[in-house]
Amino acid sequence: MPRPSRPAISPQLREVYAALLARAPENRIEPDLSRITRLMDLMGNPQNSYRSIRIAGTNGKTTTARILERILREAGLRTGRTTSPHLHSPTERIAIDGAPIDEDGFIQAYEDVAPFAQIIDAQSAQAGGPPLTYFEYLTAMAFQAFASAPVDVAVIETGLGGTWDATGAISPDVTVITPISLDHQDYLGDTIAEIAGEKAGILTREATAIIADQPFEDAADVLLERITALGAEAAIEGQQIGVTSRTPGVGGQMLTLQGIAGRYEQVFLSLLGEHQASNALLAVAAAEALLGDGRTALDGELLHASLSTITSPGRAEVVRQAPTILVDAAHNPAGAQTLVETVRENFRFTRTIGLVGILQEKDATEILAVLEPLLDTVVITRSSSPRAIPADQLADLARDVFDDEDRVIEEANLPDAIQAAVDLAEEGGDQFGGVVVAGSVTLAAEVRDLLCADGEA
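Residues numbered from 1 in each chain as written. Predicted model: local features only at pLDDT ≥ 70, side-chain atom pairs only at ≥ 80, totals over all residues. Heavy atoms only, no water.

**Student:** What is the right way to read the packing of aromatic side chains from this model?
**Tutor:** What characterises a pair of aromatic rings is the spacing of the ring centres plus the angle enclosed by the ring planes. Applying the stated criterion across every chain yields a total of 4 aromatic pairs. Note on tyrosine 50 and phenylalanine 146: the rings are 6.0 Å apart at their centroids and 80° apart in plane angle, and the pair reads as edge-to-face. Pair noted here: tyrosine 50 is in the loop between helix 2 (34–42) and strand 1 (51–56) and phenylalanine 146 is in helix 5 (residues 134–148), with a separation of 96 residues, a long-range link. In this structure, tyrosine 50 and phenylalanine 146 share a single accessibility class: buried. (Phe/Tyr/Trp six-rings, centres within 6.5 Å; stacked < 30°, edge-to-face > 60°. Helix = DSSP H or I, 4+ residues; strand = E, 2+ residues; numbered from the N terminus. Buried < 20%, exposed > 50% of the residue type's maximum accessible area, 1.4 Å probe, protein only.)

**Student:** Any chance you could explain the pattern of salt bridges here in plain terms?
**Tutor:** Once their charged atoms are close, side chains differing in charge can pair, the charge on each being opposite to the other. Counted under the stated rule, the structure contains 16 salt bridges. With a closest N to O distance of 2.9 Å, aspartate 121 and arginine 23 form a salt bridge. Taken together, the positions of aspartate 121 in helix 4 (residues 103–126) and arginine 23 in the loop between helix 1 (11–21) and helix 2 put the pair 98 residues apart, joining distant regions of the chain. In this structure aspartate 121 comes out as buried when scored by relative accessible area, which is 17%. We classify arginine 23 as buried; its relative accessible area is 16%. Between arginine 35 and aspartate 32 there is a salt bridge, with the nearest N and O atoms lying 3.6 Å from each other. Overall, arginine 35 belongs to the buried group, its relative accessible area being 3%. Look at aspartate 32 and you get partly exposed, because its relative accessible area is 30%. Salt bridges linked by common partners bring Asp32, Arg35 and Glu136 together as one network. (Salt bridge = Lys/Arg side-chain N within 4 Å of Asp/Glu carboxyl O.)

If you want it as structure tokens, here you go:
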């Protein structure tokens with residue numbers, strides 16, 4: 001079943017990436033912006049040489065960034081985009097004009113930052129502090145690469161939270177906050193209000209705020225309080241902006257969007273799910289705010305060109321037909337619930353097989369509980385990530401959740417797990433079974449890789 005994977009990254013890039021990984025890991029926040037701020041000062045503050053949009057939230061950040069960047073590019077601007085995590089190569093984290101930076105560019109950005117990073121690391125060590133983290137260094141690389149390109153505007157996705165995230169070194173023209181739910185509680189807080197407070201840290205008085213409809217009232221209250229205290233201009237989904245109509249169709253959906261400055265009728269979005277319609281709305285409103293200060297509507301042809309062919313790899317992505325294999329990076333309960341709703345709306349599988357692997361820091365029981373009503377059988381596996389829950393442990397959790405041992409298959413080897421899921425979907429000659437892959441970004445990436453999914457990541 002699996003086909004040959006993509007070419008391996010070069011030894012030079014592998015060496016650079018190993019050096020980055022040797023720093024504090026991506027999922028560790030050091031609550032201090034002084035290191036990245038001092039680093040940017042030493043480098044001449046390259047992040048101030050272009051306009052920027054900063055995006056925070058729990059789910060939907062990457063897709064919103066991709067749609068927004070595409071709109072700005074269609075408007076004639078040279079764009080930079082930084083998102084995380086990556087699927088196949090770290091170069092995906094730094095994109096220029098819609099395409100990942102090449103390996104030479106990535107290595108050059110690393111080397112451009114290196115002498116300044118050594119100074120900051122030494123200063124921090126002398127004061128008893130940590131060196132630059134993995135994410136801080138990568139953020140500096142992106143800022144430098146964008147200045148070197150040079151770009152007109154950068155679309156910047158936060159890593160974790162907002163207040164202490166390294167992307168806070170920029171002074172954005174527009175800020176976007178996608179839906180907020182529980183995730184990364186060990187770093188961001190135990191309640192929705194605490195997490196929303198961290199995400200709200202990206203808001204500033206000077207930047208127009210674009211705010212998604214929030215699934216939790218506590219998050220909406222925190223964001224509104226911060227916007228009011230700052231005196232910032234804001235466009236909130238369900239108030240100033242909204243998806244006024246949505247019709248699912250083959251390969252996407254037809255939308256009518258009410259933006260800040262205009263109403264856009266019969267716009268085709270080549271992504272599935274109600275959540276993607278909201279992501280598109282946020283991107284449109286942010287583009288209006290940046291391009292015309294929220295007073296000038298976007299050109300209809302520009303918007304059609306932007307949304308009708310947009311892709312979002314690893315997000316409700318069909319990577320194979322017959323049987324259909326749908327890959328989604330759903331790695332928290334809210335993402336899993338969105339995936340369930342998307343599958344039910346867009347597919348009519350006679351048999352639905354899950355292929356699930358989850359990382360240790362995630363709420364595995366709750367993710368499985370959300371997926372359980374959708375799935376006839378689940379194949380439990382694990383990705384190659386050292387943070388992945390061992391298949392036997394995750395399978396034990398799944399048996400408790402599914403309350404039927406016959407519905408849980410354990411297969412630690414991922415290629416064998418894919419084959420097992422496909423066999424189950426096709427059992428008895430069924431031509432309309434489907435496989436839904438979910439649980440972590442790393443699992444989504446590795447399934448895509450094994451199946452050689454087309455499309456830029």
